[in-house]
Amino acid sequence: MVAQERRAKTLEEFDVELEALHMRGQWKYDRLLVQVIGGPKPAGIPYLWRWEEVYPKLVEACEIIPESFTARRNFSFLNPGLERGGTTHTLLMGVQMIKPGELAWAHRHTIAALRFVIRGNARVFTVVDGEVCPMEPYDLILTPRWSWHDHHNESDEPAIWLDVLDLPFVIGMNLPFYETYPGDRQQVRRSSEAEYLQARTSTLRPTWERPKREHLPLRYSWKETEAQLRRLWASEGSPYDGLALEYVNPMTGGSTLPTLSCWIQMLRPGEQTKRHRHTSSAVYFVVRGEGKTIVGDEELVWDQHDAFCVPNWAWHQHINRSRTEEAILFSVHDIPILQVLGLYYEEPENSLQRQAAPSVPPVPQREIA
Ligand SMILES: [Fe+2]
Ligand SMILES: [Fe+2]
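Computed from a prediction, not measured in an experiment: that's the story for all the values here.

Q: Sorry, what's going on with the side chain of aspartate 241 here?
A: One can find aspartate 241 in the loop between α6 (222-231) and β13 (243-247). Of the residues examined, aspartate 241 reaches a relative accessible area of 6% and is grouped as buried. The residues contacting aspartate 241, other than those within four sequence positions of it, are Trp263, Gln265, Leu267, Thr273, His276, Tyr284 and His318.

Q: Which parts of the structure should I look at to understand the packing of aromatic side chains?
A: Aromatic ring pairs are reported here in terms of the distance separating the ring centres and the angle at which the planes meet. Under the defined criterion, the tally for this structure stands at 13 aromatic pairs. Summarising the aromatic geometry, the rings of tyrosine 220 and tyrosine 247 are spaced 5.2 Å apart at their centres and angled 80° between planes, so their arrangement reads as edge-to-face. Remark: tyrosine 247 occurs in strand β13 and tyrosine 220 occurs in strand β12 (residues 219-220); sequence separation between them is 27 residues. The exposure class assigned to tyrosine 220 is buried, which follows from its relative accessible area of 14%. Among the aromatic residues, ring-to-ring pairing joins Phe116, Tyr138, Tyr220, Trp222, Tyr247, Phe285 and Phe330 into one connected group.

Q: What am I meant to see in a nonpolar patch on the surface here?
A: Judged by side-chain polarity, Trp146, Met173, Leu175 and Phe177 come together as a nonpolar surface patch covering roughly 400 Å² of accessible area. Residue leucine 175 is classed as partly exposed on the basis of its relative accessible area, which comes to 41%.

Q: What exactly am I supposed to notice about the sheet that holds strand β4 (residues 103-109) here?
A: Sheet strands pair via backbone hydrogen bonds, and the direction of the pair is either parallel or antiparallel. Judged by pairing direction, the sheet is antiparallel, and its five strands sit side by side in the order β7-β6-β9-β4-β11 without closing on themselves. Pairing within the sheet leaves two strands with one partner each, and these edge strands are β7 (131-135) and β11 (178-180). If you compare each strand with its neighbour and ignore which way they point, the axes differ by 25° on average. Pairing analysis gives five bridges linking strand β6 (residues 121-128) to β7, with the strands arranged antiparallel. If you follow threonine 126 over to β7, its bridge partner there is cysteine 133.

Q: Help me understand the nonpolar core, please; the structure alone is not making it clear to me.
A: Burial of nonpolar side chains together is a common tendency in soluble globular proteins. Membership of the largest hydrophobic core comes to 43 residues, with the highest contact counts inside it found for Leu114, Phe116, Leu140, Ile264, Val287 and Phe330. It is helix α3 (residues 51-64) that contributes the most residues to this core, four residues altogether. Ala282, Tyr284, Trp302 and Phe308 belong to the second-largest nonpolar core, a separate cluster that totals 13 residues.

The rules we used
- Residues numbered from 1 in each chain as written.
- Chains lettered and ligands numbered in written order.
- Predicted model: local features only at pLDDT ≥ 70, side-chain atom pairs only at ≥ 80, totals over all residues.
- Heavy atoms only, no water.
- Helix = DSSP H or I, 4+ residues; strand = E, 2+ residues; numbered from the N terminus.
- Buried < 20%, exposed > 50% of the residue type's maximum accessible area, 1.4 Å probe, protein only.
- Contact = heavy atoms within 4.5 Å.
- Phe/Tyr/Trp six-rings, centres within 6.5 Å; stacked < 30°, edge-to-face > 60°.
- Patch = residues over 30% accessible without salt bridge, like charges linked within 9 Å, V, L, I, M, F, W, Y side chains within 5 Å.
- Areas by Shrake-Rupley, 256 points an atom, 1.4 Å probe, with all protein chains shown as cover.
- Salt bridge = Lys/Arg side-chain N within 4 Å of Asp/Glu carboxyl O.
- Pairing = 2+ DSSP bridges.
- Axes fitted to C-alpha atoms, helices over the stretch in contact; angles between N-to-C directions.
- Core = buried A, V, L, I, M, F, W, Y, C linked by side-chain atoms within 4.5 Å.

Put into structure tokens, the structure is as follows:
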């Protein structure tokens, strides 16, 4: 009997066999081309959430949910271009309203968060790891990863703040640990120690203690932030961001939180920044002023308290539309994640901290008699 000649297997047939074994050859360049070659494609789209649409919904939520389960009456701003949720692919921004007398129970999670206050007063506060942080307008309060936090409104006015979290990043890493506190509110330090951590992170620190350096539950008061912006008003600023300041961790000099960098940025009357793009994404909130941010072909025209996002690797520039008034933007960036991994890039140039340190004056020459 003559042995039948074995027909050569086609590449298509071989590919099908590999697929059945959950393997794929790198010669399938179609997918490789889309995912790897040609640089990053911006994740999500540029989008703007108008305060005139957000605020009425917050008020309505107070009627529809009169007694919130945890008083976390929060909306997330969801990017219409992202299937997995998030305001950008790494950041989630939302807005929250807490009524007089309400308490948001204490809990903690591996998702890092921060609050930027829109409406508040000294009797609205967040307790973070026992530290009482008053929430006055435009204060920034950090609730770092795995820190206990509960929110209180002991005033007679509703309070509103912005929540920004690294939730899409942490969920993407599949690391969402969560724990509720035994009881609805934390023990707080005695009132004389209410500013315990703030006192230990100033420029004068106790010599007899070894202070905590990371995950500090800090409060950056607007009074100090605005004063620093005014102090630097006449500086040149960044050609791409205007007068942009980073809220730093005072113990490390590094980013606000290990995953999040918070900025306050002033665009002086008529200021228009140069166009650039970077591998980081950002979410913005308009503290005051009117302007526009052009992202790719999209014009995001903003007014006070609007919020918007700039996806990663999207060309963008900011413009203050007013010739007489300044514009102030609060923003949160995922830059620290990328910098630690060596994946932070900018085009057309590295502008972040591009200024060299001031040179040291030359040593005076000793006169020779
Ligand atoms: Fe929380
Ligand atoms: Fe930028």
